[in-house]
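If you want the building blocks of each chain, they are given just below.
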Amino acid sequence: MTQTLSPLEMEIRRIISVAGPMPVAHYMDLCLAHPKYGYYLTREPFGAGGDFTTAPEVSQMFGELVGIWAASVYGMMGKPAQVHLVELGPGRGTMMRDILRATQVVPEFRKALSLHLVEISPKLEQAQREALEGFEVKRHWYRRLEDVPAGPAIIVANEFVDALPVHQAVKQAGGWHERVIGLDKAGNFKLGLAPYPIPHFDRLLPQRVREAPIGSIFEWRTDNLPLEIGRRVRDGGAALVIDYGHARTDIGDTLQAVGGHAFVDPKSAPGTVDITAHVDFEIFGSSAESMGAAIHGPVEQGEFLRRLGIEARAAALKARAPDKAGEIDAAVTRLTQGGRTGMGELFKAMALADPRLGPLPGFVV
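Residues numbered from 1 in each chain as written. Predicted model: local features only at pLDDT ≥ 70, side-chain atom pairs only at ≥ 80, totals over all residues. Heavy atoms only, no water.

What follows deals with the packing of aromatic side chains. Tallying each qualifying case throughout the model produces 10 aromatic pairs. Relative to Phe-218, the ring of Trp-176 has its centre 6.5 Å away and its plane inclined at 75 degrees; by these criteria the two rings are edge-to-face. Taken together, the positions of Trp-176 in strand β7 (residues 175-183) and Phe-218 in strand β9 (residues 217-220) put the pair 42 residues apart, joining distant regions of the chain. Residue class for Trp-176 comes out buried when judged on its relative accessible area of 2%. With relative accessibility at 3%, the residue Phe-218 sits in the buried group. Through pairs of rings, three or more aromatic residues link up here, namely Trp-176, Phe-201, Phe-218 and Trp-220. It is Arg-13 that lies over the ring of Phe-189; its NZ or CZ is 5.0 Å from the centre. (Phe/Tyr/Trp six-rings, centres within 6.5 Å; stacked < 30°, edge-to-face > 60°. Helix = DSSP H or I, 4+ residues; strand = E, 2+ residues; numbered from the N terminus. Buried < 20%, exposed > 50% of the residue type's maximum accessible area, 1.4 Å probe, protein only. Lys NZ or Arg CZ within 6 Å of the ring centre and 35° of its normal.)

Spatial ordering of the open sheet is given by β12-β11-β13, a layout of three strands whose pairing is antiparallel. Whereas interior strands pair on both sides, the edge strands pair on one side only; in this sheet they are β12 (262-264) and β13 (274-276). The mean inter-strand angle of the sheet, taken between neighbouring strand axes irrespective of direction, is 40 degrees. Pairing between strand β11 (residues 256-259) and β12: three bridges, direction antiparallel. For Ala-257, the partnering residue across the bridge sits in β12 and is Val-264. (Pairing = 2+ DSSP bridges. Axes fitted to C-alpha atoms, helices over the stretch in contact; angles between N-to-C directions.)

A separate point is the pattern of salt bridges. Here the structure, examined in full by the defined rule, presents 21 salt bridges. A salt bridge links Arg-97 to Asp-98; the nearest nitrogen and oxygen atoms lie 3.9 Å apart. Residue Arg-97 is classed as partly exposed on the basis of its relative accessible area of 31%. For Arg-144, the salt bridge identified is with Asp-147, shortest N-O distance 2.9 Å. A relative accessible area of 35% means that Asp-147 is categorised as partly exposed. (Salt bridge = Lys/Arg side-chain N within 4 Å of Asp/Glu carboxyl O.)

In C-alpha cells form, the structure reads like this:
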C-alpha cells in the first residue's frame, strides 16, 4: 500500500507513528505549506484549470474596486510621500494587476507606492512576476508579513486567512479536547481527540460558546497575523481583509477541502487538495484591536462592493463592450448575491486601521 502513497502522506504517517496523533492545525499546515510537498508549494490552484476560483478571477471589477478603495485610504492617510501596498497571498497576481491598472487615474498614489507581496510559493511568485510586468512600480517579495519593512502601509488580503491552519476543540464532559488526526487499525487517517482537556480553555471562550452542548466543535487560529496587522496599521495605515466566514464567534465544524472545483474529504490525498476553514471575524478583529487598530465591519462582500460602486463600474464596462454585457452581469451576480454559488453573503469584508482615519470607504452606510 505504501508504494501508492505520496511523499507527503508518507511523511505525515511517519510523524504520527513517532509522535502520535497530530492536531488538525498541524496536519493542515503540513498539507498546505510543507516546504517541499505542500499544496501551495507544488500547485497552481486558481482558475478554471485549478481547484477553485477567487473573486479577482471572476471579474476585473473586484480588483479595480479594491484599488480605488486603497487609493481613497491613501488620501485619508494624508498622502505620504511613500506608502507600502502589501498583499498577502497574491495568487496569480490578478488582483494586484487590476489594482495597478485602476489606480493609474490617481498619479499621486501610483508615484508614492511600492509593492510588497507576501508569498510562500515559488510557482505563484513567478506567476505574479509575469502578471505585473509592464507596471512601473517597485516590487518586492517576502515569505512573511513580519519581513516587510516598516513604514506607512495599506495591506490587502483576499482569501488568505481561510488557508491559515485552524485548531479544533470538541467539548466533552470534562472540558474541551483538541481534535487530532491519527491512524485507524486499517491504516487510514481518522479524526480523534487528545486524551486530556486543554487547561483553562473555558476562560478564553465567549459565554455562548462555553454554554454549548457536549460534542460541540470550536475553531480558532493563532492571533499572530491580526496582531501584526494591528501593530502595522495603528500609526497611519489600514488593512482590508476579505474572506469567507462568520461575523460572530460561534461553534461549528467548517474544515473543508476542495479539489477540481468539488468538495472532497480533507483527510484524503494530503498535499493535492486545498484545505480551508471559515474565518472568525470577531476574534480576528478583537486581536487587531488589542494592538490599537480601529475595526470597521465586517460587512457582507456584496454590500461592500455595492457601496464601492460595482453597479456603476459594470455599467461603464458594458457601455464599452456591449457584447460582454451578459458576462459582466453574471460576474456582478456571483460577487454580490447569496445562494449556493454566490459570494456576496458568505464572504465578508473587514478593515483594520489607524483610529485617526475615521470612517473608511465601503463601511459607511
